[in-house]
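An overview of the molecular structure
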Amino acid sequence: MVGCAVTALLARFPGVRVELVDADPARAEVAAALGADFAAPAPAPAQPAPVAQAPAAPAAPSGDDGAYVTPLVRKLASENNVDLSAVKGTGVGGRIRKQDVVAAAEAAKAAAAAPAPAAAQAAAKAPKLEASPLRGQTVKMTRMRKVIGENMMKALHSQAQLTSVLEVDITKLMKLRNQAKASFAAREGVKLSPMPFFVKAAAQALKAHPVVNARINEDEGTITYFDSENIGIAVDAEKGLMTPVIKGAGDLNIAGISKKTAELAGKARGGGLTPDDMSGATFTISNTGSRGALFDTVIVPPNQAAILGIGATVRRPVVIDHPDLGETIAVRDMTYLSLSYDHRLVDGADAARYLTSVKAILEAGEFEVELGL
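Below is a summary of the structure that appears in this document. (Residues numbered from 1 in each chain as written. Predicted model: local features only at pLDDT ≥ 70, side-chain atom pairs only at ≥ 80, totals over all residues. Heavy atoms only, no water.)

1. Concerning helix α12 (residues 348–364)
Heads up, the rule is: Under the scheme used here, helices are H or I runs from DSSP no shorter than 4 residues and strands are E runs no shorter than 2 residues, and both carry numbers assigned from the N terminus. One less than the residue count of a helix, multiplied by 1.5 Å, gives the span that helix is expected to have. Here's how the labels work: a residue is buried when its accessible area is under 20% of the maximum for its type, exposed when over 50%, partly exposed in between, all with a 1.4 Å probe on protein chains only. This arc is taken over the directions from the axis of the helix to the C-beta atoms. Throughout, a residue-residue contact means that at least one pair of heavy atoms, one from each residue, lies within 4.5 Å.
Look at α12: 24 Å from first C-alpha to last across 17 residues, which is about the 24 Å you get at 1.5 Å a residue. Among the residues of α12, those classed as buried are Asp 350, Ala 351, Tyr 354, Leu 355, Val 358 and Leu 362. One side of α12 holds all its buried residues, which, seen down the axis, span an arc of 125°. Its buried side turned inward, α12 meets β1 (161–169), α8 (171–188), α9 (195–208), β8 (283–286), β9 (306–310) and β11 (326–342). Just past α12, the residue Gly 365 takes up positive phi, approximately 60°.

What follows is the structure in structure tokens.
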């Protein structure tokens, strides 16, 4: 049917030549009807003879991701030990350019060189420790050292000592201190250190937990619960550990505690302590954190029931319960409090209750009025 129609068409237009350009079955039927002369494709127009040229250079292999990479770029990558599969091209279609390889090489060099300055900086900050003249010496024990040693041995041998530890978030306290320290120093004439806040909190908690502020009278078989908070402050003096006493610390405010602490510490380091300054303690605080210790199992002094150790304040991320965000992570000022106590008088639950009270006072940080804020 198709062949007849085409034959009739050609009869009307004898000068028309039919050329088939594909192998469609319908067209094949037409070709069969028209004959071989019509089925053959028309000859291609004559083309000029090609001009002789030098053999073209072989195409550079592509990158590992299939993108084309020029020989120059590949050579540059090889010289600089750059893995092209790890390089993101900035050229058209993601093509890797010379600049991309150079940037990757520079980044690798910077990463390799990074630890060196850090190590150098750490080495520069390391303290230069000098050998002590005591090395290799045999010296006579000082009277002060004998007294300290005898008291510590007496305390350990005469008491059933135990230590409990908890951590405290003192972020608010430290912010208050930073806000008030300049005006406080100008008004009171002494620096505002964190220590008076701990003494204040410890003294307040002693009033609610007298079992920690007590003494066992072994000969009489009785217990004395003190009605005042005379707090000994351990001071690291040149002659050795000394513990002057803040009398009536529970009745003093932050300013009073600061002044008394500065006065007694100055005497301890300058040699002006009197026997009265050193006697009458009912409870003791040791700030081992001032020398970087996180916490310590401090020894309870003789004739006392407990001693509070204050660890170093460290800024670190912790989980907090935010009123709006719920549980979240924040950077806070954290410290450890350790309470060593005579287990003959103080039970573990008593120690925990006391520590929890001190923690609550410190974390509440309600010292604005005393600081004039």
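2. Here we look at the pattern of salt bridges
Just so we agree on the cut-off: We count a salt bridge whenever a side-chain nitrogen from Lys or Arg sits within 4 Å of a carboxyl oxygen from Asp or Glu.
For the coordinates displayed, the defined rule picks out 17 salt bridges. Ionic pairing is found between Lys 267 and Asp 277, a salt bridge with its closest N-O pair at 3.4 Å. Highlighted residues: Lys 267 in helix α10 (residues 254–270) and Asp 277 in helix α11 (residues 275–278), separated in sequence by 10 residues. Exposure remark for Asp 277: the relative accessible area of 9% places this residue in the buried category. Across the salt bridge formed by Lys 359 and Glu 363, the nearest N and O atoms sit 3.0 Å from each other. Of this pair, Lys 359 and Glu 363 both sit in helix α12, separated by 4 residues, roughly a single helical turn. Assessed through its relative accessible area of 24%, Lys 359 is described here as partly exposed. The partly exposed category is assigned to Glu 363, whose relative accessible area is 31%. Through salt bridges that share partners, Lys 260, Glu 263, Lys 267 and Asp 277 make up one connected network.

3. A look at the pairing of strand β10 (residues 314–322)
To keep things clear, this is the line we draw: Between any two strands, at least two bridges found by DSSP are needed for them to pair.
Across 9 bridges, the pairing between β10 and β11 is antiparallel. The partner of Ile 320 across the bridge, within β11, is Thr 328. In textbook terms, the turn of a hairpin is the stretch between consecutive antiparallel strands, and for β10 and β11 this stretch comprises 3 residues.

4. Some remarks on the pairing of β11
One ladder, built from 9 bridges, connects β1 with β11; its direction is antiparallel. Looking across to β11, one finds that Glu 167 is bridged to Tyr 336. Sheet topology note: the β9/β11 ladder contains 5 bridges and is antiparallel. The residue of β11 that forms the bridge with Ile 310 is Leu 337.

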